[in-house]
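Here's the letter readout for the chains.
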Amino acid sequence: MVKQASMLKATLPLFARFVVSNGLRTKNGVFEIMLETIDQALPVVTRNKGLRVMESAMVLLSPDILQLSDPDTPTENLTFLLAQFPKYGQLYLRGMVLTQHNFTQQEVDNMNVAYKHLGGNSQIDQFTFVATDRTNQGFVVDGRVLNEPVSFTIQVDQLDKKAPHIIHLKHPSQVELLKNGCYGIYITSRVLKASDPDTEDNQIIFKILRGPQYGHLENTTTGEFIQERFTQKDLNSKVILYVINPLLEMNSDNLELQVTDPTGNTAVSQTLELKWSHIQFPQTEYEVCENANTLLLKICRSGHSMESAFVGIKVNQVSATIGKDFTVNPSKLIQFDPGMSTKMWNIAITYDGLEEDDEVFEVILNSPVNAVLGSKTKARVKILDSKGGQCRHSYSSGQTQGNSPEKGTWLPLSPGSSSSSILDGIYLEGRHPSSSKERTTPSKGDKLLDFDLTDIPRKRLRTIGNGKAVRPSSIYRNGTDIIFRYHGMVALRAEEDRSTINMEKARVSVIKQRSQKKNRKIEPPQADKMEQMPYLHSPNQGDSPSFPKNCTLALKGLFNFEESLQKLYHCNGTSWNPWSPKPKEGDERTCPTGWSHQNNHCYSLITEQKVTWNAAARTCREQHQGNLASVFTKQHMQWLWDFSGRKSFWIGLSDQENAGRWEWDGGEPVTFTNWRRGPPPHLRKRKNCVLVKKRGKWQAKDCRKGKAHNYVCAKKL
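Residues numbered from 1 in each chain as written. Predicted model: local features only at pLDDT ≥ 70, side-chain atom pairs only at ≥ 80, totals over all residues. Heavy atoms only, no water.

Asks: Sorry, what's going on with the overall build of the protein here?
Replies: In terms of regular secondary structure, the protein is built from 6 helices and 54 strands. For the protein, buried positions account for 43% of its 717 residues. Sequence-distant contacts, at least 24 apart, represent 67% of the contacts inside the protein between residues at least 6 apart. Just so you have it, the protein exposes about 39100 Å², and 48% of that area is on carbon and sulfur atoms. (Helix = DSSP H or I, 4+ residues; strand = E, 2+ residues; numbered from the N terminus. Buried < 20%, exposed > 50% of the residue type's maximum accessible area, 1.4 Å probe, protein only. Contact = heavy atoms within 4.5 Å. Areas by Shrake-Rupley, 256 points an atom, 1.4 Å probe, with all protein chains shown as cover.)

This is the structure we're talking about:
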């Protein structure tokens, strides 16, 4: 008998031929060698990596995670004998529940063995086995021969049952001019952001339940319309654009959204509102007498006005000539500050005393910044010749009407009434005095000759202390009111000059007064100080702008619109820089990812693990380098209550250090409280920390023990 191992090493054939002879006769023969195989090699567990499975899911057991090898045993004989079945799941063989206590390596190689989790809150499951080659006792694991069962571990991941929550939802309103000439508003993560700790941004989905009504959404990368969904990654990449329909003069739109994750967890639907503003003239036709001295054109902004906006303005000479028939404000840019909806642009009308035909010019609005132009972008102005001191209006519905707040009569000033030393910054509004010289109150169709202007030029203010009297630079008649405008170099206290002869009593009130530096230049009466800016002409054609004046501290805060580049530049006191209504990138990046910005602070709502007050304060300090949130005002408290999802949370108020002396965790002074039933008694033990509960009301709770809650961490910018 020859052992298989020795036979494999030998060079002998499996049979031998030989000859037998006695010297007289010979005989040939064959010597055959019979081999008997003996299995002495033990099976080796070469892979036992365990399995990771989602709750209630089924996963195959592949040879990559479970493998048994033996050089002298075929795979159909390499067997896993089960000593213990899984506790929270079941093994399957060829799609059926495994009822026998074994399966082979060949079945694993053929992907016939699977594990299915049965659900529940279990996190670890396992089954145990011994390996055999059906000949020898024992098997090898990590170089050791074992006879006891070993474990195959199964890690169960719990399903994500929480829907993504919206961190911040604002109202986008930054209008941008698109390449195709339309206007749009980008929807980015600055205005709409959702977060889910278990989901990547590209899998946080915003479903559009109801699309916009007065525009459409599109993807700027693909150019496709967005009708059903987009992701948080799209918002982060600034590819979601709302395009305003230019045919509809609407100032807002909205769409209804619902945020969800791949597992189907869905949050409550939210409404995203978009707001913008239109800039236009209130009317398109104006008539003004040649001797009216000044015409103020009104430019109106409607809609959202809580941010700055700009619009360019230019004049087309039709039959009237600039410099001869009228003079315009040199500023080519109208600025609307936040909250401002109306601006006036001055046009000085030149009176030459000659009889001539009526003259016409046009004023055109263009190049809006952070706004959309309305339909009334061109105003046609007709200068009426005052033949014999009277004007004949060609139509009854224009600048001469006195029955509308937007349409008034501009009255002429007597020559010499504009003075370079008159009072600056005092804007007076008063009633026209009741007098026998005033025949009637103007109504629709009344002409300039219906007013007796005998004492209008004599309306004066006397500066208190020096006895000097000043005359108005312009007078505007609006219905039953007369507005006197005064300009000058310095702001002084003033009262009505009652020494003027034949002057009836008038009721005058100062509605606006502004201080100016004494060394400021005297401005011409036809230029309204609210509108006038340094004369900045357009740069030469080219890639880079050229500015007629260097940016200095004197020009700080002023703007220059470069028509050739269609860009707005802002002077910061040292240099001209492109202006954008958007917040600076640096300001946005100051808050960490996932935190919300409010009142120069960054806030984060911690809900993953509810803790006591002491643990919350320690986590805010050690992990987030901040403190539990402080509350400064009633509005701030309402914002935090909404931010928390209107669920209880810890804030940073406590009197642990000094009983009865409440202090903020961040060290800020206590300027606002919101106790439910007043502050707790000083002697109330262990009730030293504040929990915000229903309707944002405060209650004192135990700092170290008791029920755990969410908390809000804050960091100051």
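Read on, since the account is not over.
Asks: Is there a simple way to think about helix α6 (residues 634-643) in this case?
Replies: Structural remark: α-helix, 3.6 residues per turn; residues separated by three or four positions point the same way. Within α6 the residues assigned to the buried category are His-636, Met-637, Leu-640, Trp-641 and Phe-643. Down the axis of α6, the buried side of the element spans an arc of 160°, and every buried residue falls inside it. Of the exposed residues in α6, the ones pointing more than 90 degrees away from its buried face are Lys-634 and Gln-635. Where α6 terminates, the next one or two residues include Gly-645, which has phi positive at roughly 75°. (Arc of directions from axis to C-beta.)

Asks: How should the nonpolar core be read in this particular structure?
Replies: In a soluble, globular protein the nonpolar side chains are often hidden away together inside. Ile-347, Phe-361 and Val-363 are the most contacted members of the largest nonpolar core, which totals 29 residues. Among the secondary structure elements, those contributing two or more residues to this core are β27 (285-289), β28 (294-303), β29 (309-317), β31 (333-336), β32 (342-349), β33 (359-369) and β35 (378-384). Counting 28 residues, the second-largest nonpolar core is a separate cluster that includes Val-45, Phe-129, Phe-152 and Val-156. (Core = buried A, V, L, I, M, F, W, Y, C linked by side-chain atoms within 4.5 Å.)

Asks: Please explain the pattern of salt bridges as it appears in this structure.
Replies: What the rule picks out here adds up to 7 salt bridges. Glu-107 is the partner of Arg-94 in a salt bridge, and the nearest nitrogen-oxygen pair spans 3.2 Å. You can see Arg-94 sitting in the loop between β8 (89-93) and β9 (96-97) and its partner Glu-107 sitting in helix α2 (residues 105-109), a full 13 residues away along the chain. Under the relative-accessibility criterion, Arg-94 is labelled exposed at 54%. The exposure class assigned to Glu-107 is buried, which follows from its relative accessible area of 12%. Here Glu-256 makes a salt bridge to Arg-210, at a shortest N to O gap of 4.0 Å. Here Arg-210 lies in strand β20 (residues 205-210) and Glu-256 lies in strand β24 (residues 252-260), a separation of 46 residues in the sequence. (Salt bridge = Lys/Arg side-chain N within 4 Å of Asp/Glu carboxyl O.)

Asks: Would you mind showing me how to read the packing of aromatic side chains here?
Replies: Geometrically, a pair of aromatic rings is defined through the distance of the ring centres and the angle of the planes. Taken as a whole and judged by the stated rule, the model has 13 aromatic pairs. With a centroid separation of 3.9 Å and 15° between ring planes, the pair formed by Phe-326 and Phe-361 is classed as stacked. Remark: Phe-361 occurs in strand β33 and Phe-326 occurs in strand β30 (residues 326-328); sequence separation between them is 35 residues. A relative accessible area of 0% places Phe-361 in the buried class. The rings of Phe-80, Phe-103, Phe-127, Phe-129 and Phe-152 are connected pair by pair, giving a single aromatic cluster. A cation sits over an aromatic face here: Lys-715 above Trp-595, 4.9 Å from the ring centre. (Phe/Tyr/Trp six-rings, centres within 6.5 Å; stacked < 30°, edge-to-face > 60°. Lys NZ or Arg CZ within 6 Å of the ring centre and 35° of its normal.)

Asks: Is there a simple way to think about a positive patch on the surface in this case?
Replies: On the surface, a cluster of positive charge is made up of Lys-634, Arg-676, Arg-677, Lys-694, Arg-695 and Lys-697. Inspection of the secondary structure puts Lys-634 in helix α6. Note on Lys-634: relative accessible area 62%, which makes it exposed. (Patch = residues over 30% accessible without salt bridge, like charges linked within 9 Å, V, L, I, M, F, W, Y side chains within 5 Å. Lys, Arg positive; Asp, Glu negative; His and termini not counted. Charge placed at Lys NZ, Arg CZ, Asp CG, Glu CD.)

Asks: Explanation requested: the sheet that holds β9 in the structure shown.
Replies: Pairing between sheet strands relies on hydrogen bonds along the backbone, with the strands arranged either parallel or antiparallel. Read from one edge to the other, the open sheet built from 4 strands follows the order β5-β11-β8-β9, with strand pairing classed as antiparallel. At either end of the open sheet lies a strand with only one pairing partner, and these are β5 (58-60) and β9. In this sheet, strand β11 (residues 113-117) lies alongside β8 in antiparallel orientation, the contact comprising 5 bridges. Residue pairing in the sheet places Gly-89 in a bridge with His-117 of β11. (Pairing = 2+ DSSP bridges.)

Asks: What am I meant to see in the sheet that holds strand β4 (residues 51-54) here?
Replies: An order of β4-β15-β12-β7-β10 is seen for the 5 strands of this open sheet, with the pairing classed as mixed. Only two strands of the sheet have a single partner each, and these edge strands are β4 and β10 (102-104). The average undirected angle you get between the axes of adjacent strands in this sheet is 30°. The pairing of strand β7 (residues 79-84) with strand β12 (residues 124-132) spans 5 bridges and is antiparallel. Its bridge partner being in β12, Thr-79 is matched across the sheet by Thr-132. (Axes fitted to C-alpha atoms, helices over the stretch in contact; angles between N-to-C directions.)

Asks: Would you take a moment to explain the environment of Ser-237 for this structure?
Replies: If you trace the backbone, Ser-237 turns up in the loop between α3 (232-236) and β23 (240-244). A relative accessible area of 43% places Ser-237 in the partly exposed class. Considered as a pair, Ser-237 and Thr-221 are 16 residues apart in the sequence and their alpha carbons are 9.8 Å apart. Among the polar contacts listed, one links the side chain of Ser-237 to the backbone oxygen of Lys-233, at a separation of 2.9 Å. (Polar contact = N/O pair within 3.5 Å; in protein donor to acceptor, adjacent residues only side chain to side chain.)

Asks: I would appreciate a short explanation of helix α5 (residues 613-622) in the present structure.
Replies: For α5, the full list of buried residues reads Trp-613, Ala-615, Ala-616, Ala-617, Thr-619 and Cys-620. Looking at the buried positions of α5, the neighbouring elements they touch are β48 (601-611), β49 (627-628), β50 (649-654), β52 (689-692) and β54 (709-716).

Asks: Hey, could you run me through unusual backbone geometry in this one?
Replies: Here the phi dihedral of Lys-238 falls at roughly 55°; this positive angle occurs in a residue that is not glycine. Along the chain, the position of Lys-238 falls in the loop between α3 and β23.

Asks: Would you take a moment to explain the side chain of Ser-596 for this structure?
Replies: Note that Ser-596 resides in strand β47 (residues 596-598). Beyond its immediate stretch of four places on either side in the chain, Ser-596 contacts Ile-167, His-168, Cys-591, His-601, Cys-602, Tyr-603, Trp-639 and Phe-643.

Asks: I tried to follow a nonpolar patch on the surface on my own but got confused; where do I start?
Replies: Judged by side-chain polarity, Leu-14, Phe-15 and Val-30 come together as a nonpolar surface patch covering roughly 280 Å² of accessible area. Summarising the element assignment, Val-30 is placed in strand β2 (residues 26-32).

Asks: It is not clear to me how the environment of Phe-80 should be interpreted in this structure. Could you clarify?
Replies: Considering the arrangement of structural elements, one finds Phe-80 in strand β7. Along the chain, Phe-80 and Leu-68 lie 12 residues apart, while their C-alpha atoms are 8.5 Å from each other.

Asks: I would appreciate a short explanation of the confidence of the model for the protein in the present structure.
Replies: Low pLDDT means the predicted atomic positions in that stretch should not be read closely. Summary statistics for the protein give a mean pLDDT of 77 and a share of 72% for residues scoring 70 or more. Highest mean pLDDT in the protein belongs to β10 (96); lowest belongs to strand β37 (residues 426-431) (31). Scored below 50 in pLDDT, residues 395-459 shows 182 contacts in the model against residues more than four places distant or in partner chains. Ignoring residues within four places in sequence, the model shows residues 583-588, a span with pLDDT below 50, making 3 contacts including any to other chains. (pLDDT = per-residue confidence, 0-100.)

Asks: Honestly, the environment of Pro-338 in this entry has me stumped. Any pointers?
Replies: Along the chain, the position of Pro-338 falls in the loop between β31 and β32. Residue Pro-338 is classed as exposed on the basis of its relative accessible area, which comes to 53%. Considered as a pair, Pro-338 and Ala-309 are 29 residues apart in the sequence and their alpha carbons are 7.9 Å apart. With near-sequence residues (within four places) excluded, Pro-338 lies in contact with Arg-301, Ser-305, Met-306, Glu-307 and Ser-308.

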